[in-house]
Amino acid sequence: MTLNIPTPHKIETLKRERSDVKTFTFNAPGIAKESNPGQFVMVWDPGVDEIPISIAYASAAGDLELAIADVGDCSHSLHQKQVGDLVGLRGPYGAGFSINGERICMIAGGYGAAPLRFAASRAKESGKHVVVLEGAQGNAELLYVNEFRDLGCDVKVATEDGSEGYKGLVTELFEVLLASGEEFEQVLTCGPELMMERVCELTKREEIPTQVSVERIIKCSCGACGACDLGGYRVCKDGPVFNAEELESTEFGRWKREKSGKRIPVISNVTPGKEVELLSIPPSHFTPEYESLLKTEVCGIDFPNPFMNAAGFGVSGKLLYRYALAGAGAVVTKSIGLQEHEGYPNPTFIELAPRSYVNAMGLPNPGIKNFKLEIEDAKYAEVPVVLSIFGKSVEECSEVAKIARNYPVDMFEFDASCPHSEFTAIENKPKLLSEIVKAIKEIVEPKPMAVKISPNIGAPVGLALTAQKAGADAITAINTVINRPVEETLDIPRLGNPLGYGGKSGKDLTVGGKQIVFQLYRELGIPIIAVGGIFSVQDVIDYARNGAQLYQVGSALVSEGFDIFSQFKKDLTGYLRANGYNSIGELVGEAHKR
């Protein structure tokens, strides 16, 4: 796949499939040749939003067909487009269907028929016998029935109003088939969540391997932000297609998340007294290994190793738990404010070059009162939890701190430097920064507090000294660097932030981040937590020698994956042993001792 960035494509054809669904056809050979059934692409309507759409068909000639339902602001705007208009596309993304067995049943509900149409075409190309069960409220809502038949599938329809086929739910029709003795070696399903949950119940009873295509809110599309979290899985990366067994340890069928990350029931209108508890299925308690060369103490906290994720890489506690299982010595939450906030429209995360990213998430978060459940999930990992918080005033930050001080967190990190928030970054106002740090510190004492700064104001050392004087226990450096990428063909900003600004991360921060940490170590009397362009153990060594004691990993989680934590531990341990160090602490600040 090329860079993770929207590219303008011309709409080649438009076909109305039903009153609220159109098929858009694009000539996109770069996407089509890499596409597999069940995967999705991000569709960008410039100036409006960007949304995930399952691939309905991809041809060898490079045609890409997408079924888009008119169900929201972006999709409604797309429905106003004409043949020849430009739309941004990127992808394909995610894990798709794996087609196994000779007799396959595909169960579709609503526009869930779209990815199953692509799956059916591939299955029929391989000579499989495919039975398609499609359900809808009425026959006017059926989708791609003729296309399934043209492929040679055995199609059976269920409508709730009885206007076509079996009268009732498609899951009831499936039960009828099973009771009649029909046997299948595999079931694929896509549609409303409660429909798919029922399918999984039936196939588990019959011991039929089942794959489920799950829908969640998608923002970054590459596993960075965690907005699409499902029990610690990232739907955009680990899904959207899951084996049914994987979903059993998640909240599937019970609750999902808003754009802010707040937990909400899958079905909002329920009988009083039967409300769904918005709780996770608890993971197993995990005991991290305290390795003699890597364990360290910072701000009175014992860390099994010095590695952790950077703030913003995941909203859920179960995703943070996965980081710990992968080897992180601590975990850092996304930045949490006083009120729930959805953040900016998409695109919110793009790739300018390999390992070079820009994001403009806009600080989406569920609000501090709704975040306790995530912290409790993260604590099952038994590693230190750092709570990142933000606010635009002393009063707001104080209220966040008052609510959070009794949460089971080990350390606080105040985000003073987000370059794409809806208010001016606090680091631009040293007096206000000092007041906020003093106020938070007074409230959360004796728990330590770090302050996260960036190079965007041009004087990071002076800023850090201000924070230290106000009572900060550590400095996290550096946050992302302000950037405003522009789409040249359309001459408009690439990001959904109305002003077009975002924060650049990745390899472009590596050199500057190391230099700033070197300067900070010379002037400060408090620990430094390094973040910015850490991709290799050499980066870790350089940051340590320059004075950092802990190391946050962000962009490398996108480019290298979760294994980066265990790789860093292995490589750093090898380096320390080979060079006669007794602990990581002996490496810290070494560059200043020459």
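Residues numbered from 1 in each chain as written. Predicted model: local features only at pLDDT ≥ 70, side-chain atom pairs only at ≥ 80, totals over all residues. Heavy atoms only, no water.

### Quick look at the overall build of the protein chain
Logical step 1: Helices and strands together make up the secondary structure of the protein chain, namely 16 helices and 33 strands.
Logical step 2: By the compact-globule yardstick of 25 Å for 594 residues, the protein chain fits well, its C-alpha radius of gyration being 25 Å.
Logical step 3: Along the three orthogonal principal directions, the C-alpha set of the protein chain runs to about 80 × 50 × 50 Å.
Logical step 4: When each of the 594 residues of the protein chain is scored for burial, the buried share is 58%.
Logical step 5: A total of about 22,900 Å² of accessible surface is found on the protein chain, and carbon and sulfur atoms cover 47% of it.
Logical step 6: Charged side chains of the protein chain number 60 positive and 77 negative; the gap between the two group centres comes to 4 Å. (Helix = DSSP H or I, 4+ residues; strand = E, 2+ residues; numbered from the N terminus. Rg over C-alpha atoms; globule rule 2.2 N^0.38 Å. Buried < 20%, exposed > 50% of the residue type's maximum accessible area, 1.4 Å probe, protein only. Areas by Shrake-Rupley, 256 points an atom, 1.4 Å probe, with all protein chains shown as cover. Lys, Arg positive; Asp, Glu negative; His and termini not counted. Charge placed at Lys NZ, Arg CZ, Asp CG, Glu CD.)

### Description of the pairing of strand β8 (residues 129-136)
Logical step 1: Of all eight residues in β8, seven are buried, a share of seventy percent or more.
Logical step 2: With seven bridges joining them, strand β7 (residues 103-109) and β8 adopt parallel strand pairing. By the bridge assignment, Gly109 is partnered in β8 with Gly135.
Logical step 3: The parallel pair β7 and β8, bridged by helix α3 (residues 113-125), forms a crossover whose chirality is right-handed.
Logical step 4: Pairing geometry for β8 and strand β9 (residues 154-159), over six bridges, is parallel. Bridging across to β9, Leu133 finds its partner in Lys156.
Logical step 5: Where the polypeptide runs from β8 across helix α4 (residues 145-150) and back to β9, its parallel neighbour, the crossover connection is right-handed. (Pairing = 2+ DSSP bridges. Right-handed = clockwise from strand over helix to strand, strands pointing away.)

### Concerning the environment of Ile99
Logical step 1: Mapping Ile99 onto the fold places it in the loop between β6 (86-93) and β7.
Logical step 2: Note: C-alpha distance between Ile99 and Asp229 (130 residues apart in sequence) is 25 Å.
Logical step 3: Aside from chain neighbours lying at most four places away, what touches Ile99 is Ile104, Ala119, Arg122, Ala123, Lys128 and Gln186. (Contact = heavy atoms within 4.5 Å.)

### A closer look at the pattern of salt bridges
Logical step 1: Summed over all chains, the structure comprises 32 salt bridges.
Logical step 2: With its nearest N and O atoms 2.7 Å apart, the salt bridge here joins Arg216 to Glu193. One end of the pair, Arg216, is in the loop between β12 (210-213) and β13 (229-230); the other, Glu193, is in helix α6 (residues 193-206), and 23 residues separate them in sequence.
Logical step 3: In this structure Arg216 comes out as buried when scored by relative accessible area, which is 7%. (Salt bridge = Lys/Arg side-chain N within 4 Å of Asp/Glu carboxyl O.)

### Some details on the packing of helix α11 (residues 430-444) against helix α12 (residues 460-470)
Logical step 1: Axis separation between α11 and α12 bottoms out at 8 Å; the angle between their running directions is 35°. Like other packed secondary-structure pairs, α11 and α12 cross with a definite hand, here right-handed. Every residue of α12 that contacts α11 at Pro430, Leu433, Ser434, Val437 and Lys438 is listed here: Leu463, Thr466, Ala467 and Ala470.
Logical step 2: Of the residues contributing to the contact of α11 with α12, the split by class is six nonpolar, two polar and one charged. (Axes fitted to C-alpha atoms, helices over the stretch in contact; angles between N-to-C directions. Left-handed = near helix turned anticlockwise from the far one by under 90°. Nonpolar A, V, L, I, M, F, W, Y, C, P; charged D, E, K, R; others polar.)

### Brief notes about the environment of Ala591
Logical step 1: Residue placement: Ala591 occurs in the segment after α16 (564-578).
Logical step 2: Taking the C-alpha atoms as reference, Ala591 lies 5.5 Å from Asn546; in sequence the two are 45 residues apart.
Logical step 3: For Ala591, the residues in contact, after removing those within four places along its chain, are Phe518, Arg545 and Asn546.

### Quick look at the state of the cysteines
Logical step 1: Tallying each qualifying case throughout the model produces zero disulfides.
Logical step 2: Counting only cysteine sulfurs, Cys225 is the nearest neighbor of Cys74, a cysteine outside any disulfide, at a range of 17 Å.
Logical step 3: Cys222 takes part in no disulfide bond, and the closest cysteine sulfur to it belongs to Cys220, at a distance of 4.0 Å.
Logical step 4: For Cys222, a relative accessible area of 9% translates into the label buried. (Disulfide = S-S within 2.5 Å.)

### Here's the deal with the sheet that holds β12
Logical step 1: With mixed pairing, seven strands are arranged side by side in an open sheet as β10-β9-β8-β7-β11-β12-β15. The two strands at the open ends of the sheet, each matched to only one other strand, are β10 (166-167) and β15 (241-243).
Logical step 2: Two strands pair when backbone bridges link them, and β7 and strand β11 (residues 186-190) are joined in this way by five bridges, in the parallel orientation. In the strand pairing of β11, Met106 is matched with Leu188.
Logical step 3: Contacts between α6 and the sheet are confined to β7, β11 and β12, with β11 contributing the most and set at about 170° to the helix.

### Points about the nonpolar core
Logical step 1: Judged by nonpolar contacts, the single largest core of 126 residues is most densely connected at Tyr323, Leu387, Phe414, Val451, Ile475, Leu520 and Tyr551.
Logical step 2: With residues near it in sequence (within four places) discarded, Phe414 still touches Ile389, Phe390, Gly391, Cys397, Ile426, Leu433, Ile436, Ile440, Met449, Ala450, Val451 and Lys452.
Logical step 3: Ile104, Leu116, Val130 and Val155 belong to the second-largest nonpolar core, a separate cluster that totals 28 residues. (Core = buried A, V, L, I, M, F, W, Y, C linked by side-chain atoms within 4.5 Å.)

### With respect to α3
Logical step 1: Compared with an ideal rise of 1.5 Å per residue, which puts 13 residues at 18 Å, α3 spans 18 Å between its outermost C-alpha atoms and is within 8% of the ideal.
Logical step 2: A large share of α3 lies buried, amounting to ten of its 13 residues.
Logical step 3: Turning to α3, its buried residues number three or more, namely Ala113, Ala114, Pro115, Leu116, Arg117, Phe118, Ala119, Ala120, Ser121 and Ala123.
Logical step 4: As for α3, its buried residues are in contact with β4 (49-58), β5 (63-69), β7, β8, α4 and β11. (Expected span 1.5 Å × (residues − 1).)

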